[in-house]
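Examining the three-dimensional arrangement
What follows is each chain in one-letter form.
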Amino acid sequence: RNAKNYGWALKSIEEYASSKDVMFSQLTTAFINGWIASLDKTKRAKEMYPICVRQIFREAVKEINDYDRDIIRIKNNPWPKVEIPRAETPEKRAITPEECRAFFSAPIPESKFKSPVPEFGRDVAMMILCLGGINTIDLYNLKKSDYNGGIIGYERAKTKKARVDNAYIEMRVPPIIQSLFEKYANKKDTEWLFDFHTRHSTADSFNGCINVGIRKVCESMGIPEGKRYCCYTFRHTWATVAQNDCGASIAEVGFGMNHSMY
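Throughout what follows, the structure given in this document is the object of discussion. Everything numeric in this text was worked out from a predicted model, so none of it was measured. (Residues numbered from 1 in each chain as written. Predicted model: local features only at pLDDT ≥ 70, side-chain atom pairs only at ≥ 80, totals over all residues. Heavy atoms only, no water.)

**Some details on the environment of Asp146**
- Within the fold, Asp146 resides in the loop between helix H6 (136–141) and strand E1 (147–148).
- Separated by 45 residues in sequence, Asp146 and Glu191 place their C-alpha atoms 9.8 Å apart.
- Other than its neighbours up to four places away in sequence, Asp146 contacts Asn141, Ile151, Ile152 and Gly153. (Helix = DSSP H or I, 4+ residues; strand = E, 2+ residues; numbered from the N terminus. Contact = heavy atoms within 4.5 Å.)

**Digging into the pairing of strand E3 (residues 168–172)**
- Here E3 shows a buried face lined by Ile169 and Met171 and an unburied face lined by Tyr168, Glu170 and Arg172.
- Inspection of the sheet shows strand E2 (residues 151–155) paired to E3 by five bridges, in the antiparallel sense. Considered in E3, the bridge of Tyr154 is made with Ile169. (Buried < 20%, exposed > 50% of the residue type's maximum accessible area, 1.4 Å probe, protein only. Pairing = 2+ DSSP bridges.)

**Points about helix H2 (residues 29–38)**
- Along H2, the residues that are buried comprise Phe31, Ile32, Trp35 and Ile36. One face of H2 carries all of its buried residues, which in axial projection span an arc of 130°. More than 90 degrees from the buried face of H2, the exposed residues found are Ala30 and Ala37.
- The elements touched by buried residues of H2 are helix H1 (2–17) and helix H3 (45–64). (Arc of directions from axis to C-beta.)

**Quick look at the pattern of salt bridges**
- Applying the stated criterion across every chain, the model contains ten salt bridges.
- Put simply, Lys62 and Glu59 hold a salt bridge, and the shortest N to O gap is 3.3 Å. Highlighted residues: Lys62 and Glu59, both in helix H3, separated by three residues, approximately one helical turn.
- Glu59 gets classed as partly exposed once you look at its relative accessible area, which sits at 36%.
- The salt bridge partner of Asp165 is Arg163, with a shortest N-O separation of 2.9 Å.
- Residue class for Asp165 comes out partly exposed when judged on its relative accessible area of 27%.
- Put simply, Glu119, Asp123 and Lys183 are held in one network by salt bridges that share partners. (Salt bridge = Lys/Arg side-chain N within 4 Å of Asp/Glu carboxyl O.)

Structure follows, in structure tokens:
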């Protein structure tokens with residue numbers, strides 16, 4: 001994901017410059033500020049993209065300039081006069097237990113397909129909620145070897161490279177979603193636990209499809225567009241319900257969500 005963020009940031013600045021050969025000398029204060037202004041209507045990119053490009057710039061200066069021998073190839077530095085805006089704080093994502101029950105009991109919109117997207121989205125949402133708010137990429141990447149004796153054990157993709165414990169966690173699969181494990185079980189001779197890889201080529205497309213399905217269910221329930229749910233709704237709902245309704249401490253919630261304890 002981090003590498004993709006850098007790729008998107010680079011593509012954005014290339015589009016702004018109308019060139020795929022953007023030179024460091026072009027990155028003047030005026031150019032950078034103009035580019036950032038063009039991102040004004042975005043929620044996250046206006047902060048994330050400039051931070052990525054600034055880091056690329058800094059690494060290039062370290063690699064290309066040789067101050068000991070007075071060889072300065074990158075002579076400009078626009079960043080002291082550039083103010084990177086903050087990303088917009090996302091609205092509260094968690095829903096109440098009552099809203100959660102309503103979502104999972106709502107009729108699936110009619111479809112001519114054998115495996116309709118709304119059904120798929122709601123099923124995976126249930127798995128997310130019942131597995132401690134597991135991330136979709138970790139569900140997608142679960143292997144048959146990760147599931148033993150009713151317990152899944154996996155390393156969280158987002159943080160495993162940044163933690164000494166490789167962000168490893170184990171949890172028991174509750175009976176309420178056992179039927180979903182069987183429904184989406186990978187019956188082919190491959191390493192993957194679920195058949196998600198036969199449906200979607202990447203974790204991103206898997207995530208996108210789930211969100212489409214969840215939102216279609218929300219639409220059928222009459223939930224207005226700006227308040228419809230997504231995958232993260234159920235991750236945050238698990239955390240909120242665990243703390244507010246089940247008496248879990250912040251440390252216990254963090255542990256359940258596989259956050260760093262260090």
